[in-house]
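Given next are the chains, with one letter for each unit.
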Amino acid sequence: MLLPSNAVRTATSRSGAALMMSLLVLMVLVLVVWQIGISTSTQYQVARNDVGLTQIDLAIESALLETFEQLLADAEASGAGGEGAPSTAGGLGGLAGAAGGGEEDGAGAQEAASDSRMDEWARPQRTEINGVSMRILIQDENSKFNVLQLLSEDDDEAEKAYQRLVRILDLFREDTEVDLSSSDADRMADAVRDHLRRRRDSIWPRTEQLTADPEDEETGLPLTVREFVALEGFRPEHFRDFRTEDDEVVHSLASYLTVNSSLQTFAEMMATREEVAGAEGVGGGGGANGRDNIEDQEAGGGGGGQDDPLKGNSDGTTSGGGAGGGNGQVAQTGAAGGADASIAGGANSGYGLPGAINLNTAPPVVLKALMDDRDVDPRFWDAVIEYRNEEVEEESIGFDEDEAPVLDEFGEEVVETKIFESLDQLTEFEEYDNIETGFRAEVVQLIGTTSDVFSIYVTARIESGGGGGFLSAAEQEEREEGGGDLTRTVRCTVWRRQVDEGWEIVPIERWEVLPYRPYEIKDFPGEDR
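Computed from a predicted model, the values in this text were never measured in an experiment. (Residues numbered from 1 in each chain as written. Predicted model: local features only at pLDDT ≥ 70, side-chain atom pairs only at ≥ 80, totals over all residues. Heavy atoms only, no water.)

A. Quick look at the pattern of salt bridges. If you walk through the whole model with that rule in mind, you get 31 salt bridges. Between Glu157 and Lys160 there is a salt bridge; the shortest N-O distance is 3.5 Å. With Glu157 and Lys160 both in helix H4 (residues 155-171) and three residues apart, this pair spans about one turn of that helix. Taking the relative accessible area as the measure of exposure, Glu157 reaches 5% and is therefore buried. Salt-bridge contacts for Arg497 lead to Glu504; the nearest nitrogen and oxygen are separated by 2.8 Å. Overall, the relative accessible area of 15% leaves Arg497 in the buried class. In this structure Glu504 comes out as partly exposed when scored by relative accessible area, which is 30%. (Salt bridge = Lys/Arg side-chain N within 4 Å of Asp/Glu carboxyl O. Helix = DSSP H or I, 4+ residues; strand = E, 2+ residues; numbered from the N terminus. Buried < 20%, exposed > 50% of the residue type's maximum accessible area, 1.4 Å probe, protein only.)

Given below as structure tokens:
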């Protein structure tokens, strides 16, 4: 029996519709399963990264604690002098005569320790904790210029500090494709000065601080140099290390400027203020040092002046000015015993400012920006930089063939170089003798040989693929800069402070995550860097 033609067509159309529905259902199922797979994979990756970051954070914290112990061990081994010695005397040897200090006081000060790039903390280090590879880089804040010097109540000294800031801004990216022009440096320095001295007009609101003077609403102390990013002329890239398209290393402005190199406890600051307030009008015209007071070098206040800050007086002594002999660099009033009222409330004995720049560790940009080229020949700073890079002869350091050599972060032997243990060593430089006496005194006030505030950079990394086996340091750095690994860089700033019981580490900025990997500042960067 034959079916009607219309019945055949109906059966065929129904089977085609069922097939289409089956395909559609199958496609929907595939999409659902694919979406579930993507979502699950994403959640897995997120969870794995969270676990990795937690692992990294714990490893960084362990590395920081080990670094604290290293800094404390370095201080204890150095045998530095009394409390606060690293931040005041600054390794000035016989120059730091406090309280009318004579030759006996100066002789004791020569025992002060020095900090340099030869110290263990100053060399980049690599370690691994629980599968997390870490690179530790430490910059001492005493190697940087403290912008708080712009707040000096002495207009001449504030202007000198301003000019130093201009020179640093003009030099810190010199000879790179991102170099700042002189006009840009002037404009940015003006913005910083207005931010510090005219805070009510600044775009960045004034932070409420315990040490702030309620009657002075114009002065504002920044908590960090990166606060300047909001000011005119500054950009975020000024506060990060990176490579240019020409493969040149450019350093963050925070590697040259600081606000943390002149520290005191609140009690110490209040005691200094009371001492200065009680000494107003007591000291007899301190022997001022510097560009505007060259003729007064032989008329030190209190007890006799100085012919040369390092070579001593004409009578052969090296004592500082007696009672009332403040150094005039940022001093406002000469206090009994040669104490000075300095910027940011820091105490100062004899020569060397609070926050004096460490001659052993300061970048060439900072050193050459301290004085105008017309006052101090740049060849003097070149001689200083060359000296601290000269190799020490094996005989002079008691070389032991059986002793294991010191290795750098890539396993290569570290060459022992000379350091400044005291500023008295500057008298051996012919370039120092060519500086006018007044400018020598100003140079001596600005520099030291010790450090007590440190920024610790820890870059932790969990490798995404097989690591190790690289042929050179350049290949290792290229791998780390590739961006394929889970990486985090943390900065921690601490104050190494001497107390009655010994030394302690006081955190200033305990934990800050940075969006870049810092580079070591070198005096003579290699071509393959």
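B. Broad picture of the environment of Phe266. Among the secondary structure elements, Phe266 is positioned in helix H6 (residues 266-279). For the pair Phe266 and Leu210, spaced 56 residues apart in the sequence, the C-alpha separation amounts to 8.5 Å.

C. View of the sheet that holds strand E2 (residues 132-140). Spatially, the five strands line up as an open sheet ordered E1-E2-E9-E10-E11, and their pairing is antiparallel. With partners counted over all chains shown, the strands left at the sheet margins are strand E1 (125-129) and strand E11 (502-514), one partner each. Averaged over all adjacent pairs, the angle separating strand axes in this sheet is 25°, with direction ignored. Bridge count for strand E9 (residues 453-462) against strand E10 (residues 486-499) is ten bridges, and the pairing is antiparallel. Bridged to Phe454 within E10 is Val494. (Pairing = 2+ DSSP bridges. Axes fitted to C-alpha atoms, helices over the stretch in contact; angles between N-to-C directions.)

D. Fine view of the nonpolar core. Among the nonpolar cores identified, the biggest contains 57 residues, and Phe145, Leu165, Phe234, Leu359, Phe380, Trp381 and Leu426 are the most heavily contacted of them. Broken down by secondary-structure element, the contributors of at least two residues to this core are H4, helix H5 (182-197), helix H7 (364-369), helix H8 (378-387) and helix H10 (437-446). Apart from residues lying up to four places away in sequence, Phe145 is in contact with Leu150, Ala161, Arg164, Leu165, Ile168, Tyr256, Leu257, Thr258, Ile357 and Val366. Core analysis: the second largest hydrophobic core is formed by 25 residues, Ile136, Ile456, Ala460 and Cys492 among them. (Core = buried A, V, L, I, M, F, W, Y, C linked by side-chain atoms within 4.5 Å. Contact = heavy atoms within 4.5 Å.)

E. Summary view of the pairing of E11. Pairing of E10 with E11 involves ten bridges; the strand directions are antiparallel. Opposite Val490, over in E11, you have Val513 as the bridge partner. Between E10 and E11, which pair antiparallel in sequence order, lie two residues.

F. Spatial organisation of the packing of aromatic side chains. All chains considered together, the criterion is met by nine aromatic pairs. Among the aromatic residues, those joined into a ring-pair cluster are Phe228, Phe234 and Phe239. One Lys or Arg, Arg193, reaches over the ring of Tyr162 and ends 3.8 Å from the middle of that ring. Here the basic side chain of Arg496 rests over the ring of Trp503, its NZ or CZ set 5.9 Å away from the ring centre. (Phe/Tyr/Trp six-rings, centres within 6.5 Å; stacked < 30°, edge-to-face > 60°. Lys NZ or Arg CZ within 6 Å of the ring centre and 35° of its normal.)

G. Layout of the pairing of E2. Here E2 lies mainly inside the structure; nine of its nine residues are buried. Relative to E2, E1 runs antiparallel, the two being bridged by five bridges. In the strand pairing of E2, Glu128 is matched with Ser133. Hairpin connection of E1 to E2: two residues between the antiparallel strands, including Asn130 at a positive phi of 50°. Note: E2 against E9, eight bridges, orientation antiparallel. When the sheet's bridge partners are listed, Ser133 is paired in E9 with Arg461.

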